[in-house]
Amino acid sequence: MKKLILSVVLASMTASAAIASSEAEDRLVTVVTSPDAQTQLMAMVLTMQAAQQGADTHIMLCGPAGDLALKDAPASATAGQPPRNMSPQGLMQMIREKTGATVEVCAIYLPGKGMDQSALLDGIGVAKPAEMAARLMDEDTRVLNY
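The residue count restarts for each chain, going from 1 along the sequence in the order it is written. Whole-chain, interface and lining totals are the exception, using all residues; otherwise, since this is a predicted model, local features are given only for residues with pLDDT of at least 70 and side-chain atom pairs are given and counted only at 80 or more. Values shown for side chains rest on all heavy atoms present in the structure; no hydrogens or waters enter the calculation.

(A) The pairing of strand β3 (residues 102-105), seen in detail. Across four bridges, strand β2 (residues 56-61) lies against β3 in parallel orientation. The residue bridging Leu61 from the neighbouring strand is Val105, located in β3. For β3 and strand β4 (residues 125-126), the ladder comprises two bridges, and the chain directions are parallel. Residue Glu104 lies in a different strand from β4, and its bridge partner there is Gly125. The criterion for strand pairing is that DSSP finds at least two bridges linking the strands in question. Each helix corresponds to a stretch of at least 4 residues labelled H or I by DSSP, and each strand to a stretch of at least 2 residues labelled E; elements are numbered beginning at the N terminus.

(B) Inspection of the sheet that holds β3 at higher detail. Taken in spatial order, the five strands line up as β4-β3-β2-β1-β5 in an open sheet, and their pairing is parallel. On the outer flanks of this sheet lie β4 and β5 (141-145), each paired with one strand and no other. Only heavy atoms matter for contacts: two residues are in contact if any of them lie within 4.5 Å across the pair. Simply put, an axis is a line fit to the C-alpha atoms, just over the touching stretch for a helix, and the angle between two N-to-C directions goes from 0 to 180 degrees. Strands in contact with helix α2 (residues 37-52) are β1 (27-32) and β2; relative to β1, the strand with the most contacts, it is inclined by about 170°. Running at roughly 120° to β1, helix α6 (residues 129-137) makes contact with β1, β2, β3 and β5 of the sheet.

(C) Just the nonpolar core, in detail. The set of buried Ala, Val, Leu, Ile, Met, Phe, Trp, Tyr and Cys residues whose side-chain atoms join them within 4.5 Å is what this entry labels a nonpolar core. Summary of the burial criterion: residues with accessible area below 20% of their type's maximum are buried, those above 50% are exposed, and those between are partly exposed, where the area comes from a 1.4 Å probe applied to protein chains only. The biggest cluster of nonpolar side chains holds 32 residues, and the ones touching the most others in it are Met44, Leu61 and Met92. Put simply, the parts of the chain that give this core at least two residues each are β1, α2, β2, α4 (88-99), β3 and α5 (109-113). Take this core: its biggest share by element is four residues, from α2. Look past the residues within four positions of Leu61 in its chain and what remains in contact with it is Val32, Met44, Gly66, Leu68, Ala69, Met92, Val103, Glu104, Val105 and Cys106.

(D) Expanded view of the pattern of salt bridges. Any Lys or Arg side-chain nitrogen found within 4 Å of a carboxyl oxygen on Asp or Glu counts as a salt bridge. Inspection of the entire model under this criterion finds three salt bridges. Across the pair Asp138 and Arg27 runs a salt bridge, and its minimum N-O distance is 2.8 Å. Here Arg27 lies in strand β1 and Asp138 lies in the loop between α6 and β5, a separation of 111 residues in the sequence. For Arg27, a relative accessible area of 27% gives the class partly exposed. In this structure, Asp67 and Lys113 form a salt bridge, with 3.3 Å as the shortest nitrogen-oxygen distance. Placement of the pair is Asp67 in the loop between β2 and α3 (75-78) and Lys113 in helix α5, with a sequence separation of 46 residues. We classify Lys113 as partly exposed; its relative accessible area is 40%.

Written out as structure tokens, the structure is:
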């Protein structure tokens, strides 16, 4: 009986460790800085695929890519791209809404544009440098840069 209980406890601990390990390995931060709409869209395509495969996704937009987060975004952010006529901003919003991904602009984006948070789409925030640095440095996080 003791062997059975010990076996069950060990199996439970192994399963818990495996689950924790797989969850820890499924974190993704996508950093987008490119002004190119195709590059921005591809960043969103791959982020969506990762989210659909179970990754906890976080998107940070800096520089020209920060424009994706604006309510009054430029045409490059909102124009449909081939082959599915999806825009970088549209797919970013879909990722946020369907997967619960966090989307933020870098801390210096809005001040650099002379804007405040009211210029951002609903649900998009401003990254806190210390929190973002910790997320980027976490050994279990994969970082994609575009």
